[in-house]
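Close look at the chain arrangement
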Number of protein chains: 2
Amino acid sequence: MKVVIVGGVAGGASAAARIRRLDETAEIIVFERTGYVSYANCGLPYFVGGVITDPGALTLQTPESFLRRFRVDMRVHHEVEAINPDLKTVTVRNLETGEVFDEPYDKLLLSPGAKPTVPRLAGVDGKRVFTLRTVEDTFAMRNFVVEKAPKSAVVAGGGFIGLEVAENLCEMGVEVTIVQRPKQVLAPLDADMACQLHALLRSHGIGLKLGSSVAGFEERDGKVSTLLEGEEPLVSDMVVLAIGVTPDTAIAQAAGLEMGPKGSIVVNDRMETSVPDIYAVGDAVQVVDAVTGLDALVPLAGPANKQGRIAADNICGGYSYYRGSQRSSVIKLFNMTAATTGINEKLAQAAGIDYEKVVLSPANHAGYYPGGKVMTCKILYERGSLRLLGAQIVGYEGVDKRIDVLATAIFAGLNAVDLKDLDLAYAPPYSSAKDPVNMAGFMIENIEEGRVKQFHWHDVADLPRDGSVTLLDARTPAEYARGCAEGFVNIPLDELRGRLDEIPLDKPLYVMCQSGLRSYLACCILAQNGYDCYNFSGGYRFYNMVTSDLLAADQAHPCGADK
Amino acid sequence: MKVVIVGGVAGGASAAARIRRLDETAEIIVFERTGYVSYANCGLPYFVGGVITDPGALTLQTPESFLRRFRVDMRVHHEVEAINPDLKTVTVRNLETGEVFDEPYDKLLLSPGAKPTVPRLAGVDGKRVFTLRTVEDTFAMRNFVVEKAPKSAVVAGGGFIGLEVAENLCEMGVEVTIVQRPKQVLAPLDADMACQLHALLRSHGIGLKLGSSVAGFEERDGKVSTLLEGEEPLVSDMVVLAIGVTPDTAIAQAAGLEMGPKGSIVVNDRMETSVPDIYAVGDAVQVVDAVTGLDALVPLAGPANKQGRIAADNICGGYSYYRGSQRSSVIKLFNMTAATTGINEKLAQAAGIDYEKVVLSPANHAGYYPGGKVMTCKILYERGSLRLLGAQIVGYEGVDKRIDVLATAIFAGLNAVDLKDLDLAYAPPYSSAKDPVNMAGFMIENIEEGRVKQFHWHDVADLPRDGSVTLLDARTPAEYARGCAEGFVNIPLDELRGRLDEIPLDKPLYVMCQSGLRSYLACCILAQNGYDCYNFSGGYRFYNMVTSDLLAADQAHPCGADK
């Protein structure tokens, strides 16, 4: 059997190694356009910033090491220009010699990845405008920041790469402004969860121009102006384009493979394309969203590596299948961690799923043990079935743990109330006797058993302030004095039972506290005393976070990365 | 409804608060023998060591705060001396006044906990012999170590409390010797996993006397001699007894409740005892092992708190049930973390379960990102069904995360091969594109699909060295030169294909490398070339860890904590 693989990173490299493990006799050729194989894509931003200092660390595997260990013929600087399914060949160009040749295959695996989306804008090819995909890109950007010591940078795009590059440049002392059209960074989060990252970025001096559209670039006098639609340009020493990625699939389309949205390759769960003996994996393929069952593009390293192994199994005559992508992701941003799994509210709404949500602010470990930090968790589940849909967590230590626990729970099809019974490992430095994930389960059970009704931050503005409802803040007077939601009156929880006569029984009652716990306790008391009451989800802490971010966005500096 | 609760910590306090949330009108009285309620049991060793400095942090809740918030009548220094089920009363002694009275109940919840096991030995009541259960014990021990500045301590018992106390004393400069009868610390681990902790303890100068039995104590000249059976005594400035805990259930037994092993109270899954209207929770009750279905005692805080909430639900007329304990646990020991979930080999063998295991040594995050550390994971699953049975992990950062992911997988009934498909969140600071848990799934799949056969460290000594089998070490010559298992000959993996003629085809072949990965790759090559080959589980790294520990145990210092 002769297997040809297009692309020697992530999915392609995983597949090549697995095919060899399964089949000592297969002939395996990998064509890789760049000069590097099996490199550390996800580490590239950290090389730019000098967190990773050894270029060898990015490129542990080489064509030589792959040949020695796996007898895989890794041909770098070789670009596959065409697939010829009828002939079962690919047309390849040796980028060093210019030579073009046809290479036959029995099985073909496409792992071409996705390329940075580069809009057709004036000046986008300028010397000070960078993208980050390959090792070569990385060295170029690293050399620029070391040699030219830029003082300012515009990062277009606030996704994973954009944020990681922004952090790395910021840590080097570069003044960074992030520009993007959406009004929030990190699309896998809902806006009310992303706001914590906005505050973090601002606290590090990173400018946020959200809701702005880049119209082009102009280089002049060693500077580059990022032109914005309807706004003053941003002048900086460099620009990083990180507005997203696009499947790099022109050859697949030209060969007549069935294509999905954004130029993705359609595959079945065995990673087979529409054309026999051609498989495809990684950022280039359309996958099934494991939660919604809808088609999706999820360009992440974990799925790419898993898919590579699955394609290899099937290429070698086995039967392996991909169960769909759950979109689990995590990002370090300065000292914070943001992580997601499953779907967020935006995706649930788009899929027409009737969902409920809980928001909580647990500490990562026992409060009495030093160093505990609060995280913000949002968990979505389907009304009726109680099926877990997704989770988003923003905080510090322990965020990645809880998202992986929730990812496992979603994978296993646990329902949202099951979370209360998870038997997780507890010791004071790591958790609480009731882990944050357990707490979410308790909250969901209380909602689903009708013990408490919720209202959310987006409901607050619409609550009548005409006396037809009662708005109650159950915190201490000191907390209340430091800030409260408009129109909420203060009765501390511990005084509530003695002051029920101050609260009209015939009006709906909306209760807020700092985290949502005391207002829940207040609702328990009030409901049993005949009140129709609603508990504020996430507490004033969350409310203040979201509303402060909206305010900060309005007051964002008008223009100019060079202030 | 009048509810009486015996014990105001963990399960009892959880239940009291939950009952109030569910029922504003219930009368709730809690009798607590000590002077403190709802205190931080699991934090006590850290107060001894000064990691937690504020005594108030251990005792955040007070009888007053419980009364204010929950209208729960928490009576400290009140000991329940008898239960009178026929009268539905308990007989209570006010330890401050000596007054004895009967208190009626409609529902009774027993949450008496477990007390440190104190063997009936001479000198066990001495002033320099401490146990650690209550806040009072903690203050006493803290005062002793601050005021007397002991230079040496014997800790009898190497379980959670013993190890945490040993660490805390060691960090204060006290020379510590741990003595216990079993030949390993931390029974939830198998011996081959505990050995890493032995090495850690020794590296911190903590003496280990494993396999030794304490016969008594003698105090003299401001020192205490720990007498050992058949060995020289250990002389030290203090002794901490932490050899285990025993359910504190004399009153339950006297009242005729059905009792289980070690004086535990038998309860059903609703936490009901054998006597109507009496419930019991926490360290005092017998639970069902969620993996084996067998009865078990699992004195841990997580289950106690969950059970308290469940009992409360049922006391208030709801229907909640405990799903059994999965024994998930974690401990910080210096800079290391050891964690378990489900059952270990000892328990699997005792339960007669036919299991297979994998051992792996993954890094907690991408190797190219700074700070990665290797952890040792052992995962057990049932042969045939592939049901996950348990996991043990010893390492550094990320251990607690993986154990909680595996705990969730076991809870959800995932099979062992499912681990490969878990969609976990990846970014270089947190994980690898193939997470350690995924890797375990891949390994298990390879075993179960017959692609590789294993042998284990305990098989190595029995392998014939008479030439009837081939013993192969697939590491580099440099690695091999630094140490190898007896009789293994070196052919580096990358030379293997070219040197097959050196290996007789008609003899079984046993292959070892450093971590188990290269030997697996070697086995892939060899098996496809017709060899009957076996991959060493865990690699030389694991083998060396286990065998070095056995050697160190033999060479342990003969006697005397004061060397």
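Residues numbered from 1 in each chain as written. Chains lettered and ligands numbered in written order. Predicted model: local features only at pLDDT ≥ 70, side-chain atom pairs only at ≥ 80, totals over all residues. Heavy atoms only, no water.

The name recorded for chain A in an unreviewed UniProt entry is NAD(FAD)-dependent dehydrogenase, from Slackia heliotrinireducens. Check the Sequence similarities (unreviewed entry) section of the UniProt entry for chain A; it says "Belongs to the class-III pyridine nucleotide-disulfide oxidoreductase family." Recorded in UniProt under Cofactor (unreviewed entry), the annotation for chain A is "FAD". (UniProt positions renumbered as here; feature names shortened; annotations may be inferred.)

Working note: regular strand, side chains alternate between the two faces of the sheet. Residues and elements named next belong to chain B. With 5 of 6 residues buried, strand S5 (residues 89-94) is to be regarded as a mostly interior element. As defined by bridge partners, strand S4 (residues 78-84) adjoins S5 across 6 bridges and the pair is classed as antiparallel. In the sheet register, valine 80 faces S5, and the bridge partner there is valine 92. Between the end of S4 and the start of S5, which pair antiparallel, lie 4 residues, with lysine 88 showing a positive phi angle near 55°. (Buried < 20%, exposed > 50% of the residue type's maximum accessible area, 1.4 Å probe, protein only. Helix = DSSP H or I, 4+ residues; strand = E, 2+ residues; numbered from the N terminus. Pairing = 2+ DSSP bridges.)

Bringing the sheet that holds strand S1 (residues 2-6) of chain B into the picture now. One key point about sheets: their strands pair by backbone hydrogen bonds, in either a parallel or an antiparallel sense. All names here are of chain B. Pairing is parallel in the open sheet, where 5 strands are placed in the order S3-S2-S1-S7-S19. The open sheet has two free edges, formed respectively by strand S3 (73-76) and strand S19 (278-280), since each of these has just one partner strand. Taken pair by pair, the neighbouring strands of this sheet meet at an average axis angle of 15°, ignoring direction. Alignment of S1 against strand S7 (residues 107-110), held across 4 bridges, turns out to be parallel. Within the sheet, the bridge partner assigned to valine 6 lies in S7 and is leucine 110. (Axes fitted to C-alpha atoms, helices over the stretch in contact; angles between N-to-C directions.)

Residues annotated by UniProt as "domain: Rhodanese" (unreviewed entry) correspond here to residues 465-547 of chain A. Structurally, residues 465-547 of chain A is divided into 36% helix and 17% strand, and its ends, taken at the C-alpha atoms, are 18 Å apart.

For the structure shown, the criterion picks out 24 aromatic pairs over all chains. With 6.2 Å between their ring centres and 35° between their planes, Tyr540(B) and Tyr543(B) make a pair best called tilted. Pair noted here: Tyr540(B) and Tyr543(B) are both in helix H17 (residues 539-554), with a separation of 3 residues, about one helical turn. Of the two residues, Tyr540(B) and Tyr543(B), both sit in the buried class. In this structure an aromatic cluster arises from ring pairing among Phe455(A), Tyr510(A), Tyr534(A), Phe536(A), Tyr540(A) and Tyr543(A). Cation over ring: Arg475(A) sits above Tyr540(A), and NZ or CZ is 4.4 Å from the ring centre. Residue placement shows Lys373(B) over the ring face of Tyr396(B); its charged tip is 4.9 Å from the ring centre. (Phe/Tyr/Trp six-rings, centres within 6.5 Å; stacked < 30°, edge-to-face > 60°. Lys NZ or Arg CZ within 6 Å of the ring centre and 35° of its normal.)

What follows covers the packing of helix H9 (residues 301-315) of chain A against helix H12 (residues 436-448) of chain B. Between H9(A) and H12(B), whose axes approach to 13 Å, the crossing angle comes to 15°. On the basis of their axis angle, the class for H9(A) and H12(B) is roughly parallel. Considering the relative orientation of H9(A) and H12(B), their crossing is left-handed. Mapping the contact onto sequence places Lys306(A), Arg309(A) and Asp313(A) in H9(A) and Asn438(B), Phe442(B), Glu445(B) and Asn446(B) in H12(B). Tallied by class, the residues present in the contact of H9(A) with H12(B) amount to 1 nonpolar, 2 polar and 4 charged. (Parallel < 35°, antiparallel > 145°, perpendicular 65-115°, else oblique. Left-handed = near helix turned anticlockwise from the far one by under 90°. Contact = heavy atoms within 4.5 Å. Nonpolar A, V, L, I, M, F, W, Y, C, P; charged D, E, K, R; others polar.)

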